[in-house]
Amino acid sequence: MTLTPTRAVDVRVRRLTTTLYGYSFLEEFVLLYPVYALLFSDAGLSVWQISSLFALWSVTAVVLEVPSGAWADAVSRRLLLVVGPLLTGAGFALWVLVPSYAAFAAGFVLWGTGGALSSGALEALVYDEMERGGVSDRYARVLGRARAAGLVAVMAAMGLAGPVLAWGGHAAVGAASVLVCLLTSVTALRFPEHRVAGGVREGWTAALRGGLREARRDRSVRGALLLVPAVAAVWGALDEYTPLLVREAGVGDAVVPGVLLVIWGGATAGSLLAGEGERFGTGGLAVLVGGGGVALAVGALAGTVVGLLLVAVAFGAFQAATVLAEARLQHRIEATGRATLTSVAGLGTELVTLTVFAGYAVVASGHGHGAAFAVAAVPYAVLAVGLAVVRCRGGGG
C-alpha cells in the first residue's frame, strides 16, 4: 500500500510525538530523585557537604549549557539525546556502588553534563522535524503534553520511591534509576532526524557564533530569549520550597506528599492546556502570568490548605506560560542556531534561579515561607504589565 504524502507526514509526526512523550516520561521517572538526599545523609555527609554537591551540579549546568547547545547545532542532536541519559545513569551507578563524597561529586558532574547535552537539543530536534512536516503550529500543544508526561513521571516516582526503598534499600532504587536512564537512551534512537549537520565542518564554536549573531541581529529573538527565564525561573526555584510552604500551612508531614501531588497536578494541567493558550497571543500570556502571580501571593499568604489550592492554580498558570514562552522562542529562531539559542535561554533560567534561591533565603529566614512565596509573585506582576504594554504597542502576537 502506498501512503499519500499527507498520510506519510502524519505517520512521521506521530512517531516523533510518541517518542517525545516516552522520552520525556522516562527522563523524569527516576526513583532516586525523591530520596537521593537520604542517600547522601546515610553515607555520613554533612549539610554543608550536601549543599556543596548541589552547587557543583548547578555550576556544571551553567558552564556547559551554551557550549552543549552549540554542539547540538554542529552535530547530530539525536546522538546527544542518546548519550546524555547514559552519562546520567553512570553518575547514578557511581552513587550506589561507591557511596562517598567524591563519587557523589563525580555523579553530579556526569548528571549535569548529561542534562546539558539534552537541553536545547531536544527542543531543537522536535521543532525542526515538526517544521519539516508542516505542523510547527502544533509545537506548543505537543511540548505541553511532553512536559505533562514528565510531571506525571515525577509524581509516579514520588509514589514508588518509598516502597522500593523499603524493599531493597538504596541499591534497588539506584538500580531502577540506572535502568530507566538506559531505557531513555534507547528511546532516543527512535527520534527521526533529517537535518544535515552542516556545522560539523566548522565546529561547535562556529555554531555558537552563528546563534549569538542571530540574537544580536533580531530584536524579536532577543525578546523571546529574555521571556523564557523571566517566566520559568522564579516558579521553578519555588518548587524546591513547596514542602516547607505546605508544612507551614499546618499540614502534617505524613500528608505533605499528598498535597504536593495536588500542586504537581496543577502544573500538569497547565501543561496540557498550554496549546490552547497560544491563540490568545501576548495579551493572553500577560493575563496568564498576572493571574498566576495573584493566585500565588494570595494562596501563599493565606497559610491554609485552601490557599495551597491557589498555589496549585498558580503553578498551572506558570507551567502553561513557560511552555508558551518556549514555543514563542522556537517560532522566532532560524533553524541553524536553534539548539544554541535554546541553551542560551536555559542558561538565563539557571542564572536567575540561583538569584531566586539567594533572595528566597533572605526573605524566608526573617518572615516565613508564605511571605517569601508572595514576594516571588511580584516579578510576575511586573512581567504581566510589561507584556500588556508590548501588546498595546502592537509588538507581540
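It should be emphasised that the depicted structure is a prediction, and the values quoted were computed from it without experimental measurement.

Caption draft 1: Here's a closer look at the overall build of the protein chain. Scanning the protein chain from N- to C-terminus turns up 16 helices and zero strands. Its C-alpha atoms give the protein chain a radius of gyration of 21 Å, near enough to 21 Å, the size a compact globule of 397 residues would have. Taken across its 397 residues, the protein chain has 51% of its residues classed as buried. Across the protein chain, the fraction of contacts at a sequence separation of at least 24, relative to all contacts at a separation of at least 6, is 84%. Counting only carbon and sulfur atoms, one obtains 67% of the accessible surface of the protein chain, whose full area is about 17,300 Å².

Caption draft 2: Up close: the environment of Gly 303. Relative to the elements of secondary structure, Gly 303 occurs in the loop between α12 (281–302) and α13 (305–332). The exposure class of Gly 303 is partly exposed, given its relative accessible area of 39%. Once the C-alpha coordinates of Gly 303 and Leu 97 are considered, the two residues, 206 residues apart in sequence, prove to be 43 Å apart.

Caption draft 3: Molecular detail of the environment of Val 164. Along the chain, the position of Val 164 falls in helix α7 (residues 139–188). Linking Val 164 and Phe 25, residues 139 residues apart in sequence, is a C-alpha distance of 19 Å. Not counting chain neighbours up to four residues away, the residues in contact with Val 164 comprise Leu 31, Gly 169, Ala 172 and Val 173.

Caption draft 4: Structural detail: the packing of helix α6 (residues 121–132) against helix α14 (residues 338–367). One way to put it is that α6 packs onto α14 with a least axis distance of 8 Å and a crossing angle of 135°. The orientation of α6 with respect to α14, classified from their angle, is oblique. Note on packing geometry: the crossing formed by α6 with α14 is right-handed. In this structure, α6 contributes Ala 121, Glu 123, Ala 124, Tyr 127, Asp 128 and Glu 131 to the contact, and α14 contributes Arg 338, Ala 339 and Thr 342. Considered class by class, the residues forming the contact of α6 with α14 number four nonpolar, one polar and four charged.

Caption draft 5: Region of the structure containing the nonpolar core. Counting 87 residues, the largest nonpolar core has Val 126, Phe 191, Leu 296, Phe 315 and Phe 373 as the members making the most contacts within it. Among the elements that line this core, the one with the most residues is α13, at 13 residues.

Caption draft 6: Summary view of the side chain of Glu 123. Positionally, Glu 123 belongs in helix α6. Residue classification places Glu 123 among the buried positions, given a relative accessible area of 14%. Beyond its immediate stretch of four places on either side in the chain, Glu 123 contacts Ser 118, Tyr 139, Arg 147, Gln 330 and Thr 342.

Caption draft 7: Quick peek at the packing of aromatic side chains. For the structure on display, the rule yields 24 aromatic pairs. Judged by centre distance (6.1 Å) and plane angle (75°), the ring pair of Tyr 241 and Phe 357 falls under edge-to-face. Highlighted residues: Tyr 241 in the loop between α9 (219–238) and α10 (242–248) and Phe 357 in helix α14, separated in sequence by 116 residues. Looking at Tyr 241, the relative accessible area reads 18%, which means it is buried. Each residue in the set Tyr 33, Tyr 36, Phe 40, Trp 57, Phe 92, Trp 95, Phe 104, Phe 108 and Trp 111 is aromatic and connected to the rest through ring pairs, giving one cluster.

Caption draft 8: The packing of α12 against helix α16 (residues 378–392), seen in detail. Direction vectors running N to C along α12 and α16 enclose 165°, while the axes themselves pass 8 Å from each other. As summarised for this structure, α12 and α16 are arranged roughly antiparallel, according to the angle between their axes. The way α12 lies across α16 gives a crossing that is left-handed. Residues Thr 282, Gly 283, Leu 285, Ala 286, Val 289, Gly 290 and Gly 293 of α12 form the contact with α16, whose participating residues are Tyr 380, Leu 383, Ala 384, Leu 387, Ala 388 and Arg 391. Of the residues that constitute the contact of α12 with α16, the class distribution is eight nonpolar, four polar and one charged.

Caption draft 9: Seen up close, α12. Compared with the 32 Å implied by 1.5 Å per residue over 22 residues, the 32 Å span of α12 between its first and last C-alpha is a close match. Downstream of α12 by one or two residues, Gly 303 has phi in the positive range, about 65°.

Caption draft 10: Examining the side chain of Thr 60 more closely. Checked against the element boundaries, Thr 60 lands in helix α3 (residues 47–74). If sequence neighbours within four positions are ignored, Thr 60 has contacts with Val 109, Gly 112 and Thr 113.

Procedures and definitions
Residues numbered from 1 in each chain as written. Predicted model: local features only at pLDDT ≥ 70, side-chain atom pairs only at ≥ 80, totals over all residues. Heavy atoms only, no water. Helix = DSSP H or I, 4+ residues; strand = E, 2+ residues; numbered from the N terminus. Rg over C-alpha atoms; globule rule 2.2 N^0.38 Å. Buried < 20%, exposed > 50% of the residue type's maximum accessible area, 1.4 Å probe, protein only. Contact = heavy atoms within 4.5 Å. Areas by Shrake-Rupley, 256 points an atom, 1.4 Å probe, with all protein chains shown as cover. Axes fitted to C-alpha atoms, helices over the stretch in contact; angles between N-to-C directions. Parallel < 35°, antiparallel > 145°, perpendicular 65-115°, else oblique. Left-handed = near helix turned anticlockwise from the far one by under 90°. Nonpolar A, V, L, I, M, F, W, Y, C, P; charged D, E, K, R; others polar. Core = buried A, V, L, I, M, F, W, Y, C linked by side-chain atoms within 4.5 Å. Phe/Tyr/Trp six-rings, centres within 6.5 Å; stacked < 30°, edge-to-face > 60°. Expected span 1.5 Å × (residues − 1).

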